[in-house]
Structures are given as structure tokens and as C-alpha cells.
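Working through the structure, step by step
Listed below are the residues making up each chain.
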Amino acid sequence: MALARSAACTTSRACVTRVSVARPVLQQRRSIAARAAVAEVTDASFAEDVLKSSTPVLVDFWAPWCGPCRMIAPIIDELSGEYKDKLKCVKLNTDESPQVATDYGIRSIPTVMIFKNGKKMDTIIGAVPKATLVQAVEKYL
């Protein structure tokens, strides 16, 4: 919300009113994210959910304290919705499931890996633009 003063009022704080600012883009992103819930995987479920998947899998290695991880989370949500029939998107919290992160040599987060037929096909490190992730995903569909 933004604050605004009426034209007749110049100094009084009582004249300040709240003005609602429309944010259709943000609402659109939230609706995409709401439709495309990204599943969580753990050390225990990684083999079943990722390695044995019949479709390519995008794995987002993240942690709750990681700012750049929170920056790309909405992008991962969007990809999950856009590629829902062709690509499975999951996230793995490296604090709660450190074994898989260690097995795949994760030294920096966010790291996104793409798996196909149980094999690691690509790795993207850091908070990258959506176009970079789309380009990587498209190679394996």
C-alpha cells in the first residue's frame, strides 16, 4: 500500500490516506506457484523420487537461510507449472538431507541439477535467470 495526501491538505498527518496499489504480475506469479507445488525430497526418498523417475527431474538444492535460494524458488515453482507433464521439479533441503548433497559434491547453493534416466545430466550453480534454467531444461526433454 502507498500513502497519499489529498490536494487540499498540505501539513496535517490526519490527511494521509492509504491507497491500494494493484500488483497483477505478483498475483499471477502467486497463482502459478499455488498450482505447481514443488515436492520435497530427502536423503531417504531421493533414489525413488529422482533416480527412478520415468521423466526428467529438476532438483533444487537449497537451504532456508540462503537468500539466493529464496530468490530462485519462485522460478522453480513457475517451471514446475509450465512443464508439469514433461518435467518433475523437486527441492532438497541440504541442511536436513546432507548425504545426497555430499554425494553429488554440492559446495554452493542454490544448485540446480537435472537428472534423466537416473543420471545427472546438467548442473547450474547460483541464482540464475529463468531463461538459463529453461535453456538447460529444454535440452533434456
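No experiment lies behind these values; they were computed from the predicted model shown.

**Brief notes about the nonpolar core**
Judged by nonpolar contacts, the single largest core of 18 residues is most densely connected at Phe46, Val50, Val59, Phe61, Leu92, Ile109 and Phe115. Listing elements by their share of this core, those giving two or more residues are helix 2 (46-51), strand 4 (57-62), strand 5 (88-93), helix 4 (98-103) and strand 6 (111-116). Counting residues per element, this core draws most heavily on strand 4, at four residues. In contact with phenylalanine 115, other than residues within four places in its own chain, are Phe46, Val50, Leu51, Pro56, Val57, Val59, Tyr104, Lys120 and Met121. Val38, Ile72, Ile76 and Val128 belong to the second-largest nonpolar core, a separate cluster that totals 17 residues.

**Focus on the confidence of the model for the protein**
Per-residue confidence for the protein gives a mean pLDDT of 83, with 74% of residues at or over 70. Note on residues 1-7: pLDDT is under 50 here. Beyond four places in sequence and across chains, it has 20 contacts. Scored below 50 in pLDDT, residues 9-35 makes 25 contacts in the model with residues more than four places away or belonging to other chains.

**Things to note about the state of the cysteines**
For the structure shown, the criterion picks out one disulfide. Disulfide pairing is shown between cysteine 66 and cysteine 69; the S-S distance is 2.4 Å. Taking the torsion about the sulfur-sulfur bond, which here is approximately 80 degrees, the covalent link between cysteine 66 and cysteine 69 counts as right-handed. Considered together, cysteine 66 and cysteine 69 belong to a single accessibility category, that of buried residues.

**Some points on the sheet that holds strand 3 (residues 39-41)**
Read across the sheet, five strands follow the order 3-5-4-6-7 without closing on themselves; strand pairing throughout is mixed. If you trace the sheet from one side to the other, it starts and ends with strand 3 and strand 7 (119-125), each paired once. Across the sheet, the mean angle from the axis of one strand to that of its neighbour is 30 degrees, orientation sign disregarded. By the bridge criterion, six bridges tie strand 6 to strand 7 in an arrangement that is antiparallel. Each bridged residue has a counterpart across the sheet, and for lysine 116 the counterpart in strand 7 is lysine 119. Running at roughly 165 degrees to strand 4, helix 3 (residues 67-82) makes contact with strand 4, strand 5 and strand 6 of the sheet.

**Digging into the side chain of asparagine 93**
As for its position among the elements, asparagine 93 is in strand 5. Each residue touching asparagine 93, except ones within four places of it in the same chain, is listed here: Trp62, Ala63 and Pro64.

How each quantity is defined
Residues numbered from 1 in each chain as written. Predicted model: local features only at pLDDT ≥ 70, side-chain atom pairs only at ≥ 80, totals over all residues. Heavy atoms only, no water. Core = buried A, V, L, I, M, F, W, Y, C linked by side-chain atoms within 4.5 Å. Buried < 20%, exposed > 50% of the residue type's maximum accessible area, 1.4 Å probe, protein only. Helix = DSSP H or I, 4+ residues; strand = E, 2+ residues; numbered from the N terminus. Contact = heavy atoms within 4.5 Å. pLDDT = per-residue confidence, 0-100. Disulfide = S-S within 2.5 Å. Pairing = 2+ DSSP bridges. Axes fitted to C-alpha atoms, helices over the stretch in contact; angles between N-to-C directions.

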